[in-house]
Amino acid sequence: MPRLGSPKPLAAMRVNKDARPDIVPMVTEADDIPDSIAEIARAVAAGKLDLAQNLSVRIAASFSPASPSISPAIKLTCELQVRVFLRDRFTCRYCRRNTVFIPVLRVLSRLYPAELPYQKNWRWSETHPAYWKYAASCDHVVPVARGGTSAIDNLVTSCYMCNSVKQQWLIDELHWQIFPMQNTDWDGLSGLYGALVEAAGAGAELYHRRWMRALQAVSASH
Ligand SMILES: [Zn+2]
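Computed from a predicted model, the values in this text were never measured in an experiment. (Residues numbered from 1 in each chain as written. Predicted model: local features only at pLDDT ≥ 70, side-chain atom pairs only at ≥ 80, totals over all residues. Heavy atoms only, no water.)

Student: It is not clear to me how unusual backbone geometry should be interpreted in this structure. Could you clarify?
Tutor: For residues other than glycine, phi is negative in most cases, and the peptide bonds are mostly trans. The phi dihedral of arginine 89 falls on the positive side, at around 55°, and the residue is not glycine. Take arginine 89: it is sitting in the loop between helix H3 (78-87) and helix H4 (102-111). Assessed through its relative accessible area of 36%, arginine 89 is described here as partly exposed. The backbone phi angle of leucine 189 is positive, close to 70°, even though this residue is not glycine. Inspection of the secondary structure assignment puts leucine 189 in the loop between helix H7 (171-174) and helix H8 (193-200). (Helix = DSSP H or I, 4+ residues; strand = E, 2+ residues; numbered from the N terminus. Buried < 20%, exposed > 50% of the residue type's maximum accessible area, 1.4 Å probe, protein only.)

If you want it as structure tokens, here you go:
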């Protein structure tokens, strides 16, 4: 007969013996990051900076410094990437996660460097896990190293988590599938980008000028 009142084991404290020691699990709070980031971005875009500052505290709580440093290489033009993101509605074609336009995250990191830290090489200990989990990237379905090209039909929107797992593998080798393009209104918060850049006073920065130009060019051609 079980002893009444004995403490139940805490599931969160169990150690998974099969877990690879080099992989540090994300904190669960990070799962609501896209909503939180959307709320912060909307507050900044609406000029409600006090509200945005308060909201930013919520994402700071889920920051979990950990793990190795991998630097994501971006070799495609901004315009081609934007074309792919808008075509795929900023949805990861491998896991169907809503992704966020990286320049939006970068503006928010500029405004809230302590809560949403960013390091230019994406060093894990200095970069918010939201970048790794939710940032939109373009992935070569057939990797360049395996003979793939950078034609748009070999490119899909991928969250960085899927992108960093996929690397040089083919879809079949990973037993993955490519989900069809989603019919959704999600825009990766790119619709707020212009207002965010303005609110942050970042319009003169080359990085943002490049992405703004790409976003405007592709939006105009749609
Ligand atoms: Zn994904």
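Student: What is the right way to read the packing of aromatic side chains from this model?
Tutor: A ring pair, where both rings are aromatic, is described by two values, the distance of the centres and the angle of the planes. Summed over the entire model, instances satisfying the criterion amount to 13 aromatic pairs. Taken together, a centroid distance of 6.4 Å and an interplanar angle of 75° make the contact between phenylalanine 85 and phenylalanine 101 edge-to-face. Of this pair, phenylalanine 85 sits in helix H3 while phenylalanine 101 is found in the loop between H3 and H4, placing the two residues 16 residues apart along the sequence. Consider the rings of tryptophan 122 and tyrosine 131, whose centres lie 5.5 Å apart with planes at 75°: the pair is edge-to-face. With relative accessibility at 4%, the residue tryptophan 122 sits in the buried group. Residue tyrosine 131 is classed as buried on the basis of its relative accessible area of 0%. Here the aromatic cluster, defined as three or more aromatic residues joined through ring pairs, consists of Tyr118, Trp122, Trp124, Tyr131, Trp132 and Tyr160. (Phe/Tyr/Trp six-rings, centres within 6.5 Å; stacked < 30°, edge-to-face > 60°.)

Student: Before we go on, may I ask you to explain the environment of leucine 196 in this structure?
Tutor: Residue placement: leucine 196 occurs in helix H8. On the accessibility criterion, leucine 196 (0% relative accessible area) is buried. Those residues in contact with leucine 196, other than ones at most four positions away along the chain, are Ala41, Val44, Ala45, Val104, Val107 and Leu108. (Contact = heavy atoms within 4.5 Å.)

Student: Please explain the environment of alanine 200 as it appears in this structure.
Tutor: Inspection of the secondary structure puts alanine 200 in helix H8. Along the primary structure alanine 200 and leucine 108 are separated by 92 residues, whereas in three dimensions their C-alpha atoms are 8.3 Å apart. Not counting residues up to four positions away in its chain, the partners in contact with alanine 200 are Val107, Arg110 and Leu111.

Student: Would you mind going over the environment of valine 107 with me for this structure?
Tutor: On the secondary structure map, valine 107 appears in helix H4. Owing to a relative accessible area of 0%, valine 107 belongs among the buried residues under this scheme. Sequence-wise, valine 107 and glycine 201 are 94 residues apart; in three dimensions their C-alpha atoms are separated by 9.5 Å. Ignoring any residue separated from it by four or fewer positions in sequence, one finds valine 107 in contact with Tyr193, Leu196, Val197, Ala200 and His208.

Student: Explanation requested: the coordination of the zinc ion in the structure shown.
Tutor: Under ideal tetrahedral coordination, the four donors around a metal are separated by 109.5 degrees; under ideal octahedral coordination, the six donors are separated by 90 or 180 degrees. Each protein donor to the zinc ion is listed here as Cys92 (SG), Cys95 (SG), Cys159 (SG) and Cys162 (SG); together their distances run 2.3 Å. Classification of the site at the zinc ion as tetrahedral follows from its four donor atoms and the range of 101 to 118° in their angles at the metal. Read in sequence order, the donor residues for the zinc ion give the motif C-x2-C-x63-C-x2-C. With a gap of 64 residues between them, cysteine 95 in the loop between H3 and H4 and cysteine 159 in strand S2 (residues 155-159) connect regions that are remote in the sequence. Classification of cysteine 95 by relative accessible area gives partly exposed; the value is 31%. (Donors = N, O, S within 2.8 Å, 3.2 Å for Na, K, Ca; no water. Tetrahedral: all angles 85-135°; square planar, octahedral: opposite > 155°, others 65-115°.)

Student: Please explain the pairing of S2 as it appears in this structure.
Tutor: The side chains of a regular strand alternate between the sheet's two faces. For S2, the buried fraction is high: five of the five residues fall into the buried class. Side-chain alternation along S2 places Leu155, Thr157 and Cys159 on one buried face and Val156 and Ser158 on a second face that is also buried.

Student: How do you make sense of the pairing of strand S1 (residues 136-140) when you look at a structure like this?
Tutor: Burial within S1 is extensive, with five of its five residues counted as buried. Residues of S1 alternate between two faces, with Ala136, Cys138 and His140 on one and Ser137 and Asp139 on the opposite face, all of them buried. Sheet topology places S1 next to S2; five bridges connect them, and they run antiparallel. Residue pairing across strands places alanine 136 opposite cysteine 159, the latter belonging to S2. (Pairing = 2+ DSSP bridges.)

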